[in-house]
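Topology and contacts: notes
Residue-level listing of the chains:
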Amino acid sequence: MSISNRAAITAVHGYVPPDVLTNADLARMVDTTDAWITERTGIKERHILKGEGLGTSHMGAEAVRGLLSKTKTRPEDVELLICATTTPDFVHPCTANLICDMVGIRNIGSFDVQAACSGFLYALTVAQQFITAGTYKKVIVVGADKMSAIVDYTDRATCVIFGDGAAAVMLEPNTQGYGIMDTVLHSDGSGAKYLHQKAGGSRMPPTAETVAKRLHYVHQEGAQVYKFAVAGMTEVTRDIMARNNLTADMIDWVVPHQANRRIIVTTAERLGLPLEKIMFTLQKYGNTTTATIPLCLWDYEQKLKVGDRLLLAAFGGGFTWGGAYVTWAYDGASAPKLNGGSQNGKLVKSSWL
Ligand SMILES: CC(C)(COP(=O)(O)OP(=O)(O)OC[C@H]1O[C@@H](n2cnc3c(N)ncnc32)[C@H](O)[C@@H]1OP(=O)(O)O)[C@@H](O)C(=O)NCCC(=O)NCCS
């Protein structure tokens, strides 16, 4: 790979909706307790997108709007936008198209990537190819999910985990050699039985009966998913480290998918990665599916320094799993801060809604 075409993350911005659902709130909805959720998952609260007519695109657009403003990028300078999501606003058109429309990006290629919780890493890997090939110089990758739209708030084993949110990164060529050094992607469709949504797709289109049977919600066999998640996260992290001759002491930050604190801690212990190097946001956002990794980067941006070595790892429905080795390309402490953060985003709907 020519070093002049290394794809680097040059900015990140996130958005979580203002409404917060705490463990105490959930304890009033299902038979659970703050103590159980905290001990078994590490999650204390999550943000939920409320408001009629607001879908995943709303949060994605908020994140992209912030990203454009932070980087002083004009919408017309963006050359490609990819949105990773598992909760698109519609079956079609794709959410990436809607986000572009909402932020004033016109006529460029934009599409969604669907790989459940690994979606952001999949989308990042796809986006990277356009930079390294020299095709584009400004690509936005968004991870956005409104999990509250597909979570069954009567299923206590599943509803406690998920939250809503979005975050976006800018990818540009880097001439110093920093950026995405390596990625690995995996999938195993036989794992679908443990984590899927039965109805609403072409196999089981929606009917009154599918709705009555609550088949439009996430079906999750938590203990099985947990087992595969630990194995998958360990595999990709170990693999990425071996392929790039990285030892635990060379890593500055581990950026894991935020599903369950125990999954992250077990994976880290297996690989000898100390907890102080691990980014955690699940205590306040829960599992935001495709948004977890970029939300971590957004939350920890101020601490990131040029040349920091980051290991990204995700596992999700499919099953899908993947990892990336990234060297950080800019000084996070010097990144512009948006006044009032991203939560003050105003409501901007798609032009045709
Ligand atoms: C979902 C998850 C938190 C459940 O935790 P767990 O320790 O595996 O719990 P189990 O499903 O084995 O259930 C253990 C007990 O806790 C109970 N339980 C489940 N959810 C509960 C809750 N919210 N509050 C109280 N008790 C609960 C179960 O009913 C079960 O009770 P029983 O022993 O009387 O039958 C955990 O399995 C998990 O995080 N799995 C991975 C999920 C994931 O990563 N999903 C996203 C993929 S990207």
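My aim in this report is to walk through the structure given alongside it, one point at a time. Everything quoted here is computed from the prediction, not taken from an experiment.

**Things to note about helix α9 (residues 261–271)**
Because an α-helix packs 3.6 residues into every turn, residues spaced three or four apart end up facing the same way. Within α9, the full set of buried residues consists of I263, I264, V265, T267, A268 and L271. Against the buried residues of α9 lie α8 (222–243), β11 (253–256) and α10 (282–285). Put simply, N260 is the residue that caps the front of α9, since its side-chain oxygen is 2.8 Å from the backbone nitrogen of R262. Directly beyond the C-terminal end of α9, a positive phi value near 70° is found at G272.

**Here's the deal with the nonpolar core**
One finds L124, L171, L297, L310 and L312 to be the most contacted residues of the largest nonpolar core, which totals 86 residues. The contacts of L310, once residues within four sequence positions are left out, are W253, V255, L297, L304, A324, Y325, V326 and W328.

**Here we look at the pairing of strand β13 (residues 320–327)**
Burial within β13 is extensive, with 8 of its 8 residues counted as buried. Covered by surrounding structure in β13 are T320, G322, A324 and V326 together with W321, G323, Y325 and T327, the residues of both alternating faces. Bridging between strand β12 (residues 309–316) and β13 involves 8 bridges; their strand directions are antiparallel. Residue pairing for β13: L311 is matched across the bridge by Y325. Between β12 and β13, which pair antiparallel in sequence order, lie 3 residues; one of them, G318, sits at a positive phi of approximately 140°.

Each value, and the rule that gives it
Residues numbered from 1 in each chain as written. Predicted model: local features only at pLDDT ≥ 70, side-chain atom pairs only at ≥ 80, totals over all residues. Heavy atoms only, no water. Buried < 20%, exposed > 50% of the residue type's maximum accessible area, 1.4 Å probe, protein only. Helix = DSSP H or I, 4+ residues; strand = E, 2+ residues; numbered from the N terminus. Contact = heavy atoms within 4.5 Å. Polar contact = N/O pair within 3.5 Å; in protein donor to acceptor, adjacent residues only side chain to side chain. Core = buried A, V, L, I, M, F, W, Y, C linked by side-chain atoms within 4.5 Å. Pairing = 2+ DSSP bridges.

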